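Listed below are the residues making up each chain.
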Amino acid sequence: MNDNVINMSSNDGYKSFVDNENIVGKWDIKDVEEMAKELAMDHFDYDDPRQVRFEKDFMDAYKEGGYMSDYIKIKIK
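These numbers come from a predicted model, not from an experiment. Note on numbering: residues in each chain are counted from 1, in written sequence order. Owing to the predicted nature of the model, reporting of local features is limited to residues with pLDDT of at least 70; listing and counting of side-chain atom pairs is limited to 80 or more, with chain, interface and lining totals taken over all residues. The side-chain values count all of the structure's non-hydrogen atoms but skip hydrogen atoms and water molecules.

## Observations regarding the side chain of N20
As for its position among the elements, N20 is in helix α1 (residues 13-24). Taking relative accessible area as the criterion, N20 reaches 0% and is therefore assigned buried. Contacts are assigned to residue pairs with any non-hydrogen atoms lying within 4.5 Å of each other. Dropping the residues within four chain positions of it, N20 is found in contact with V5, I6, N7 and G25. Strands here are runs of E lasting at least two residues and helices are runs of H or I lasting at least four, both read from the DSSP assignment and numbered beginning at the N terminus. Accessibility here uses a 1.4 Å probe with only protein chains present; expressed as a share of the type maximum, an area under 20% marks a residue as buried, one over 50% as exposed, and anything in between as partly exposed.

Now the structure itself:
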């Protein structure tokens, strides 16, 4: 698989992040949030509550991966 292509096969936010960590782990948090929203919209209808859950799980995985704490440390300095 090309390392510059987002894998959009999983409709589980946590798994989707893990599948794409090599790409989005290098991005700014705003870009990661946008990607989470785009992936959620690709998998679920607009009014489907699973869309919000997907975004939350995706961002939780991002935070658990340590990317959020690194971002916060950079912003504070």
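## Let's talk about the packing of aromatic side chains
Here the aromatic set is Phe, Tyr and Trp, taking the six-membered ring for Trp, and pairing holds for ring centres within 6.5 Å; pairs whose planes are under 30 degrees apart are stacked, those over 60 apart are edge-to-face, and all others are tilted. Overall, the coordinates contain 6 aromatic pairs when judged by the stated rule. Judged by centre distance (5.4 Å) and plane angle (90°), the ring pair of F17 and F58 falls under edge-to-face. On the criterion of sequence distance, the pair formed by F17 in helix α1 and F58 in helix α3 (residues 49-64) is long-range, its members being 41 residues apart. One aromatic cluster is present, formed by F17, F44, F54, F58, Y62 and Y67 through successive ring pairs.

## Description of the packing of helix α2 (residues 29-43) against α3
Axis definition: a line fit to C-alpha positions, over the contact stretch in the case of helices; interaxial angles, taken between N-to-C directions, run 0 to 180 degrees. Where α2 contacts α3, the axes come no closer than 9 Å and their chain directions differ by 145°. In the packing of α2 onto α3, the handedness of the crossing is right-handed. Note on element contacts: α3 touches α2 through Q51, F54, E55, F58, M59 and Y62, opposite I29, V32, E33, M35, A36, K37, L39, A40, M41 and H43. Considered class by class, the residues forming the contact of α2 with α3 number 11 nonpolar, 2 polar and 3 charged. Handedness of a crossing is defined here by the sense of rotation of the near helix relative to the far one, left-handed for an anticlockwise turn of less than a right angle and right-handed for a clockwise turn. Residues are grouped as follows: Ala, Val, Leu, Ile, Met, Phe, Trp, Tyr, Cys and Pro are nonpolar; Asp, Glu, Lys and Arg are charged; all remaining types, including Gly, are polar.

## Structural notes on a negative patch on the surface
Patch building starts from residues that exceed 30% relative accessible area and form no salt bridge, then joins like charges within 9 Å and nonpolar side chains (Val, Leu, Ile, Met, Phe, Trp, Tyr) within 5 Å. Each accessible area is a Shrake-Rupley estimate made with a 1.4 Å probe; only the visible protein chains count as cover when residues are assessed. Criterion for a salt bridge: a side-chain nitrogen of Lys or Arg within 4 Å of a carboxyl oxygen of Asp or Glu. Lys and Arg are tallied as positive, Asp and Glu as negative. Neither His nor the chain termini are counted. Every charge is mapped onto a representative atom, which is NZ of Lys, CZ of Arg, CG of Asp or CD of Glu. Residues D28, D31, E34, E38 and D42 make up a contiguous surface patch of negative charge. Residue placement: D28 occurs in the loop between α1 and α2. Since its relative accessible area comes to 37%, D28 is described here as partly exposed.

## Describing the packing of α1 against α3
Packing of α1 against α3 brings their axes to within 8 Å, and their N-to-C directions diverge by 50°. When the axis of α1 is compared with that of α3, the two are oblique. Here the hand of the crossing between α1 and α3 comes out right-handed. Residues G13, Y14, S16, F17 and V24 of α1 form the contact with α3, whose participating residues are F54, D57, F58, A61, Y62 and E64. For the contact of α1 with α3, a count of residues per class yields 7 nonpolar, 2 polar and 2 charged. Angles below 35 degrees are treated as roughly parallel, those above 145 as roughly antiparallel, those between 65 and 115 as roughly perpendicular, and all remaining angles as oblique.

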